[in-house]
Amino acid sequence: MPTIFRKMRIKFLGNNKAKSYALYAIGEIILVVIGILLALQINNWQENKKLKEDENYILNEILDNLRQDEIQIKGILERRIKAQKSIDRILKDVPHHINRDSFEVDMGRVITLERFYPIKTAYEVSKAKGLQISNRRLRSEIAQYYEFEINRSNSSIRDIENAFVNDLQILVDANFDNIDYGNRIYFLNLDDPAYLELVKRTIVKYRANHYLSLEKIKSFYGVNHTLQQAIKKELDS
C-alpha cells in the first residue's frame, strides 16, 4: 500500500500542470500578502499623517497662545521698568526737590500693581486629549511652562507685592485725593516733612522687592520666548 501511494505522488509531481498550478497558487498567496502589507502600510501612513496634522494644529494654537502671553508680559515689563525709574527718581528728589506733577505721576506708577493672566486654551484642550505631542522633550517643556513656570512667576510676584502692598496703601491713604485712569495720584499736601520722610522710608523698603519682581518677570519672559522657538523648530522639521 505505501508503495502505491508513493508511486501516485511521484506521478503527480511529475505532471507539469500540477507544478504550474502550484506555482500559480504560491504566486497568488505572495500577491495577497504583499497587498495586505501595502494596505497596512498605507493605512499606517494615513494615520501618522492625520496624527501629525492634529499635532501641528495644536502646536500652532499653543504658539498663538504663547504670543498672546508674550504681549502681556512685555506690557507688564515696560510698565515695571517705568515704575523702577520712578522709584529711583522719587528717592533722588524726596524730600528736597519735589515737583508735584512729576511726583504724582511717579507715585501712580509705583502703586500700580499688574497681574498676568495667561492664555491656556490650547494647552487645556491638548491636555484633555493626553497632550499628544510626539517630541517628548517639547511635550515636557510645554507642560513645565503651563504647570510650573506660570504658577511660580505669578506666585512670586504676588508674594513680593503682598509683603509691601499695605505699606504702599498706607502711604497713599495718608495724603491723597484720588487716582485717575492715567495712574496719577493727586496728593493733598506735599509740604509736610513728616509725610515726605514716610514716602522715602516706604519706597526704600519697596525698592529691593520691586527689583526682584522685575527680574522674575524678565526670567519668565525668557522662558516664554525659548518655548516659542522650540515649537517653531518642531513645526519646521
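You'll find the structure just up there.
Residues numbered from 1 in each chain as written. Predicted model: local features only at pLDDT ≥ 70, side-chain atom pairs only at ≥ 80, totals over all residues. Heavy atoms only, no water.

### With respect to the side chain of Asn209
Under the convention used in this document: Under the scheme used here, helices are H or I runs from DSSP no shorter than 4 residues and strands are E runs no shorter than 2 residues, and both carry numbers assigned from the N terminus. Relative accessibility under 20% of the residue-type maximum defines a buried residue, over 50% an exposed one, and the middle range a partly exposed one, all with a 1.4 Å probe and only protein chains included. Note on contacts: a residue pair is in contact if any heavy atoms of the two residues lie within 4.5 Å.
Note on placement: Asn209 falls in helix H6 (residues 193-236). When its relative accessible area of 19% is taken as the criterion, Asn209 is described as buried. Those residues in contact with Asn209 that lie beyond four places of it in its chain are Ile160 and Phe164.

### As for the pattern of salt bridges
Short version of the rule: Criterion for a salt bridge: a side-chain nitrogen of Lys or Arg within 4 Å of a carboxyl oxygen of Asp or Glu.
Throughout the structure, instances matching the rule amount to 11 salt bridges. We note a salt bridge from Glu234 to Lys52, for which the minimum N-O separation is 3.7 Å. Of this pair, Glu234 sits in helix H6 while Lys52 sits in helix H2 (residues 16-93); the two residues are 182 residues apart in sequence, bridging distant segments of the chain. For Lys52, a relative accessible area of 30% translates into the label partly exposed. Across the salt bridge formed by Arg137 and Glu141, the nearest N and O atoms sit 3.4 Å from each other. On the criterion of helical spacing, the pair formed by Arg137 and Glu141 is a turn pair, its members being four residues apart in helix H5 (residues 136-173). We classify Arg137 as exposed; its relative accessible area is 64%.

### Description of the packing of helix H3 (residues 100-111) against H5
Basically, it comes down to this: Simply put, an axis is a line fit to the C-alpha atoms, just over the touching stretch for a helix, and the angle between two N-to-C directions goes from 0 to 180 degrees. What sets the label is the angle itself: under 35 degrees gives roughly parallel, over 145 gives roughly antiparallel, 65 to 115 gives roughly perpendicular, and the rest give oblique. Note: crossing handedness is left-handed where the near helix turns anticlockwise from the far helix by less than a right angle, and right-handed where it turns clockwise. Side-chain classes follow a simple rule in which Ala, Val, Leu, Ile, Met, Phe, Trp, Tyr, Cys and Pro form the nonpolar group, Asp, Glu, Lys and Arg form the charged group, and the remainder, Gly included, forms the polar group.
Taken N-terminus to C-terminus, the directions of H3 and H5 make an angle of 150°; their axes are 11 Å apart at the nearest point. Between H3 and H5, the interaxial angle falls into the category roughly antiparallel. Considering the relative orientation of H3 and H5, their crossing is left-handed. Two secondary-structure elements touch here, H3 through Met107, Val110 and Ile111 and H5 through Leu168, Gln169, Leu171 and Val172. Considering only residue class, the contact of H3 with H5 consists of six nonpolar, one polar and no charged.

### Let's talk about H6
Rules: Multiply 1.5 Å by the residue count of a helix minus one, and that product is the helix's expected span. Bend, at a single residue, is the angle you get between axes fitted to the 7 residues ending at that residue and the 7 residues starting at it.
Here H6 is 44 residues long and its end C-alpha atoms lie 63 Å apart, about the 64 Å a rise of 1.5 Å per residue gives. At Arg207, H6 shows its maximal kink, close to 30°.

### Details of H3
Using the following cut-off: Within 3.5 Å is the distance limit for a polar contact, defined as a pair of N or O atoms, with the added protein rule that one can donate a hydrogen and the other accept it, and that residues adjacent in sequence qualify only through two side-chain atoms.
Across its 12 residues, H3 extends 16 Å between first and last C-alpha, which sits within 8% of the 16 Å expected from 1.5 Å per residue. Among the residues making up H3, those that are buried are Phe103, Glu104, Asp106, Met107, Gly108, Val110 and Ile111. At the N-terminal end of H3, a side-chain oxygen is found 3.2 Å from the backbone nitrogen of Asp101, two or three residues along, and the residue is Asn99.

### Focus: the packing of H5 against H6
For the pair H5 and H6, interaxial distance at closest approach is 10 Å and the crossing angle is 170°. The angle between H5 and H6 falls in the class roughly antiparallel. When you trace H5 past H6, the crossing you get is left-handed. Looking at the contact of H5 with H6 residue by residue, the classes come out as 22 nonpolar, six polar and six charged.

### Some points on the side chain of Gln228
Here Gln228 is to be found in helix H6. Once residues within four sequence positions are removed from consideration, Gln228 is found in contact with Leu63, Leu66, Arg67 and Glu70.

### Section: the packing of aromatic side chains
Filter applied, for reference: Stacked, edge-to-face and tilted are the three classes for Phe, Tyr and Trp ring pairs, Trp counted by its six-membered ring, which pair at centre distances within 6.5 Å; planes under 30 degrees apart are stacked, over 60 edge-to-face, the rest tilted.
In this structure the tally under the stated criterion is four aromatic pairs. Relative to Tyr146, the ring of Tyr145 lies with its centre 4.8 Å away and its plane at 80°, an arrangement referred to as edge-to-face. Per residue, the accessibility class of Tyr145 equals that of Tyr146, and both read buried. Ring geometry for Tyr145 versus Phe220: centroids 5.4 Å apart, planes at 15°, classification stacked. Of this pair, Tyr145 sits in helix H5 while Phe220 sits in helix H6; the two residues are 75 residues apart in sequence, bridging distant segments of the chain. The exposure classification of Tyr145 matches that of Phe220, with both residues buried. In textbook terms, an aromatic cluster arises when at least three aromatic residues are bridged by ring pairs, as seen for Phe116, Tyr123, Tyr145, Tyr146 and Phe220.

From the geometry alone we can't say anything about function, so treat these as descriptive.
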